[in-house]
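# Examination of the molecular architecture
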Amino acid sequence: MNLAVIGFGNAGGKVVDKLLAFEEDTGRSLWRFALAVNSAEIDLAKLDHVPRDNRILIGQTDQRVKGRGAGADPEVGADIARRDHQEIERAMDGVPIHDIDGFLVVAGLGGGTGSGGAPVIAETLHDRYAEPVYGLGILPSADEGGRAAFNAARSLTSFTEATENLICFDNDTWRQHGDSVEMGYERTNEEIARRVVTLLAAGELDGSQISEAAMDSSDVKRTLATGGVSSIAFASSEVESRTREQRGLINRFTNGHEESGPDENDLTMKIHGLVRKAVTSRLTVPAEIDSAERSLIVVSGPPSEFSQKGLRRAREWLERETDSVEVLAGDDPREGADRLSVAVLLSNVTRVDRIDALQDQAVDAKSNIQQQADTREDEINDLITDDAGELDPI
Ligand SMILES: Nc1nc2c(ncn2[C@@H]2O[C@H](COP(=O)(O)OP(=O)(O)OP(=O)(O)O)[C@@H](O)[C@H]2O)c(=O)[nH]1
Ligand SMILES: [Mg+2]
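Just so it is clear, the structure is predicted and the values come from calculations on it, not from any experiment. (Residues numbered from 1 in each chain as written. Chains lettered and ligands numbered in written order. Predicted model: local features only at pLDDT ≥ 70, side-chain atom pairs only at ≥ 80, totals over all residues.)

## Let's talk about the pairing of strand β6 (residues 165-170)
Burial analysis of β6 places six of its six residues in the buried class, which makes it a mostly covered element. By the alternation rule, side chains of β6 split into Asn165, Ile167 and Phe169 and Leu166, Cys168 and Asp170, which are all buried. As defined by bridge partners, strand β5 (residues 133-139) adjoins β6 across six bridges and the pair is classed as parallel. By the bridge assignment, leucine 136 is partnered in β6 with isoleucine 167. One crossover worth recording links β5 to the parallel β6 by way of helix α6 (residues 146-162), and it is right-handed. Strand direction decides the pairing type here: β6 and strand β7 (residues 229-238), joined by two bridges, are parallel. Within β7, the position partnered with leucine 166 by the bridge is valine 229. (Buried ≥ 20, exposed ≤ 12 C-beta atoms within 10 Å, placed from the backbone. Helix = DSSP H or I, 4+ residues; strand = E, 2+ residues; numbered from the N terminus. Pairing = 2+ DSSP bridges. Right-handed = clockwise from strand over helix to strand, strands pointing away.)

What follows is the structure in structure tokens.
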């Protein structure tokens, strides 16, 4: 499909940058427009792929921000997104609205600007345009502490409500010990881009002449139209440089078979195997897959690697695994690609332990924050009033 993408806050901008980089590296063209919005000037300046004119600094007149960020306060993030909405909307005038299938709003939910601002902008887009608005929300890892969990749990509610579908990525699941924070983010942002681009680029071209089962962007839209939270599964394998024709010949010589039968079997097993591998590997956010309402399998790579039989088997397998008949499957032909990749969208998953854990952490944090505020007030009172209570304030 074709989308306009908007990154909010630091993580939002960095991830959009990676989405554009991965698109470029793999010769795709799904992003018809890209915008980064932030309250910290320095973060906007670091982006490589988002065009300079499409980087919007908000909250400049706000005393709490002054070009340096919302200080992990989502209320501030939401305030400045509302106050500076005209500036954002003016930038959105550049969206080629007739060429897009929808919007994607991206943010890390543990801070201030993205956490508070992304749901606000999603709602604005929803009110202003007829196209669907999707979200990509990054959940903080548990060791970022109570404040980040509190911000994320609150943002998750409003972001889910403001979007047709919120694809989640969980930093806790993807963090690797030994990484520096920045190195870790660099790596995870690439993992996000690979999954999101492989999935959403399906149906960007009309591949119906090349592959019988070419996916249409309306299939992707339909699967995303559930509301709620989604997770993406992914797996890929290298494509052997020998072409299928060559392999067909070799098979004929070595086994004496007349047709390329064994080759077809290999491809069937390869596709089916990749789909199973994807779904049983680490998801963007771990979820019980049988809680998904709908699913979509995208097989992307050179058409010589496709197998209709493999795709059908994989779909039947996923129907059993997810206990649902709402499974769509299709190809995304990419002539010349050096990998065969599978992305599976598990849409509207309702059993997601990480989100439950985040909410528990947030509830604890909320009472801690309140308690600390109360204690602080008592301590200040203690400090500034004399013990005997003999002094009157002026
Ligand atoms: N995957 C990933 N997560 C990130 C990255 N940077 C930050 N995060 C996550 O996103 C959350 C929000 O961080 P930022 O995006 O820096 O915050 P912000 O939206 O700019 O908000 P303020 O700085 O408070 O104004 C953090 O709690 C992290 O969990 C990144 O590059 N990749
Ligand atoms: Mg920031």
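## Notes on the environment of arginine 294
Relative to the elements of secondary structure, arginine 294 occurs in strand β8 (residues 294-301). In sequence terms arginine 294 and arginine 222 are 72 residues apart; their C-alpha atoms lie 9.0 Å from each other. What arginine 294 contacts, discounting residues up to four positions off in sequence, is Thr223, Thr226, Ser324, Glu326, Ser347 and Asn348. (Contact = placed C-beta atoms within 7 Å.)

## Structural notes on the domain arrangement of the chain
Examined at the domain level, the chain breaks down into domain 1 (3-200) and domain 2 (232-347). The C-alpha-based centres of domain 1 and domain 2 are spaced at 31 Å. Taken together, the contacts link twelve residues of domain 1 with twelve residues of domain 2. Only β6 and α8 (181-200) provide two or more residues apiece to the side of domain 1 that touches domain 2. (Domains from an automatic or database assignment.)

## Describing the UniProt feature "domain: Tubulin/FtsZ GTPase" (unreviewed entry) in the chain
Using the residue numbers shown here, the UniProt feature "domain: Tubulin/FtsZ GTPase" (unreviewed entry) corresponds to residues 2-207. Spanning residues 2-207, this segment combines 47% helix with 18% strand, and its end C-alpha atoms are found 15 Å apart. (UniProt positions renumbered as here; feature names shortened; annotations may be inferred.)

## Quick notes on the UniProt feature "binding site: GTP" (unreviewed entry) in the chain
Summarizing the sequence annotation, UniProt attributes the feature "binding site: GTP" (unreviewed entry) to Gly112, Thr113, Gly114, Glu144, Asn171 and Asn189 in the numbering used throughout. Along the chain, the position of glutamate 144 falls in the loop between β5 and α6. In this structure glutamate 144 comes out as buried when scored by C-beta crowding, with 20 C-beta atoms within 10 Å. Tracing the backbone through its elements, the reader meets asparagine 171 in helix α7 (residues 171-174).

## Thoughts on the site of ligand 1
Inspection of the region around ligand 1 gives 25 residues, with Gly9, Gly108, Gly110, Gly111 and Gly112 positioned closest. Residue assignment for the shell around ligand 1 shows that the elements contributing at least two residues are α1 (9-25), α5 (113-128) and α8. A total of four residues in the shell around ligand 1 trace back to one element, the largest contributor, which is α1. Broken down by class, the residue content of the shell around ligand 1 amounts to eight nonpolar, 15 polar and two charged. (Near = placed C-beta within 6 Å. Nonpolar A, V, L, I, M, F, W, Y, C, P; charged D, E, K, R; others polar.)

## Details of unusual backbone geometry
The phi angle of most residues is negative, glycine excepted, and most peptide bonds adopt the trans form. At lysine 66, a position not held by glycine, the phi torsion is positive, near 50 degrees. Mapping lysine 66 onto the fold places it in the loop between β3 (55-57) and α3 (74-83). Taking the number of C-beta atoms within 10 Å as the measure of exposure, lysine 66 has 13 and is therefore partly exposed. Here the phi dihedral of aspartate 323 falls at roughly 55 degrees; this positive angle occurs in a residue that is not glycine. With 10 C-beta atoms packed within 10 Å, aspartate 323 lands in the exposed category.

## Some details on α1
Over its 17 residues, α1 extends 24 Å from the first C-alpha to the last, a length consistent with the 24 Å expected when each residue adds 1.5 Å. In terms of residue burial, α1 counts as a mostly covered element, since 14 of its 17 residues are buried. Glycine 27 sits one or two positions beyond α1 and adopts a positive phi of about 65 degrees. (Expected span 1.5 Å × (residues − 1).)

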